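Each chain, written out:
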Amino acid sequence: MQSHNLIIPQSLYSILFTMQDTHLTHLRTAIAVALRARAKGNHPFGAILVDVDGTVLLEAENTVNTEHDCTGHAETNLVRMACRRFERAVLERCTLYTSTEPCAMCAGAIHWSGIGRVVYGLGEEELYAMTSDGAHPDNETMRLPCREVFARCVRPVEVIGPLLEDEARTVHEGFWIR
């Protein structure tokens, strides 16, 4: 087996690790939003929208229970607010951070909004395992990763994740037990 040493210039190294730290910071905010949703009696999902400069523009919680709306997922709620407030040219340069991988419905909404990047915490497979293999009546998981949805879209959406899965899993612990 051959060992390859990759030499990364210090400036690129700094950019890459600063970017990773930024992703983790914003992802932790999305996880905190998910915790707020759970505290209000909703499913434990949260999302935030961040502009190209790293400024948090919007936050959205899951509102499925309190609004009696099965489409009240955090990402879809965020997309609704974002489309009302910002031009598509702005959204194309934004990143949506979400505590858990977007479902097929939310991935479609993200695509149609023009948002350019998604960073998520807990992966769909992990959520599937936590929700009785997708059969939990409050979260019938489709088992369709967002990357597969985005791969069939006309416009590319960059996807980063899963990240911080242990932290993202914490907000779900005990919630899906019948």
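Computed from a predicted structure; not experimentally measured.

## Regarding the packing of aromatic side chains
Part 1: Taken as a whole and judged by the stated rule, the model has two aromatic pairs.
Part 2: Judged by centre distance (6.2 Å) and plane angle (50 degrees), the rings of Phe45 and Trp176 are tilted. With a gap of 131 residues between them, Phe45 in the loop between α1 (10-39) and β1 (46-50) and Trp176 in the segment after α7 (165-170) connect regions that are remote in the sequence. We note that Phe45, like Trp176, is buried.
Part 3: When the centroid spacing of 4.7 Å and the interplanar angle of 80 degrees are considered together, the rings of Phe175 and Trp176 count as edge-to-face.
Part 4: A residue is classified by how much of its surface remains accessible, and Phe175, at 22% relative accessible area, is partly exposed.
Part 5: One residue, Arg143, lies across the ring of Tyr128, its end atom 4.1 Å from the ring centre.

## Section: the pattern of salt bridges
Part 1: Taken as a whole and assessed by the stated rule, the structure comprises nine salt bridges.
Part 2: A salt bridge links Glu167 to Arg28, with the nearest nitrogen and oxygen atoms 2.8 Å apart. Residue Glu167 is located in helix α7, and its partner Arg28 is located in helix α1; the two are separated by 139 residues in the primary sequence.
Part 3: A salt bridge links Arg36 to Glu61, with the shortest nitrogen-to-oxygen separation between them at 3.0 Å. With Arg36 in helix α1 and Glu61 in strand β2 (residues 56-61), this pair connects stretches of sequence that are 25 residues apart.

## So, the side chain of Asn77
Part 1: Position of Asn77 relative to the elements: it lies in helix α2 (residues 74-85).
Part 2: For Asn77, the side chain forms a polar contact with the main-chain oxygen of Glu61, separated by 3.0 Å.
Part 3: Reaching out from Asn77, the side chain makes a polar contact with the side chain of Arg80 at a distance of 2.9 Å.
Part 4: Each residue touching Asn77, except ones within four places of it in the same chain, is listed here: Ala60, Glu61, Asn62, Thr63, Thr71 and Gly72.

## Brief notes about the layout of surface pockets
Part 1: One number sums up the size of the second largest pocket: a volume of about 220 Å³.
Part 2: Considering the residues around the second largest pocket, the lining is formed by 17 residues, among which Asp51, Val52, Arg93, Thr95 and Arg117 are closest to the centre.
Part 3: Elements that contribute at least two residues to the lining of the second largest pocket include exactly α1 and β3 (95-100).
Part 4: A total of four residues in the lining of the second largest pocket trace back to one element, the largest contributor, which is α1.
Part 5: When grouped by side-chain class, the residues that make up the lining of the second largest pocket number five nonpolar, six polar and six charged.

The rules we used
- Residues numbered from 1 in each chain as written.
- Predicted model: local features only at pLDDT ≥ 70, side-chain atom pairs only at ≥ 80, totals over all residues.
- Heavy atoms only, no water.
- Phe/Tyr/Trp six-rings, centres within 6.5 Å; stacked < 30°, edge-to-face > 60°.
- Helix = DSSP H or I, 4+ residues; strand = E, 2+ residues; numbered from the N terminus.
- Buried < 20%, exposed > 50% of the residue type's maximum accessible area, 1.4 Å probe, protein only.
- Lys NZ or Arg CZ within 6 Å of the ring centre and 35° of its normal.
- Salt bridge = Lys/Arg side-chain N within 4 Å of Asp/Glu carboxyl O.
- Polar contact = N/O pair within 3.5 Å; in protein donor to acceptor, adjacent residues only side chain to side chain.
- Contact = heavy atoms within 4.5 Å.
- 1 Å grid on protein atoms, 1.4 Å probe; cavity = no way out; pocket = protein on both sides within 12 Å on 5 of 7 lines; lining within 4 Å.
- Points joined across faces, edges and corners; volume = space filled by probe spheres on them.
- Nonpolar A, V, L, I, M, F, W, Y, C, P; charged D, E, K, R; others polar.

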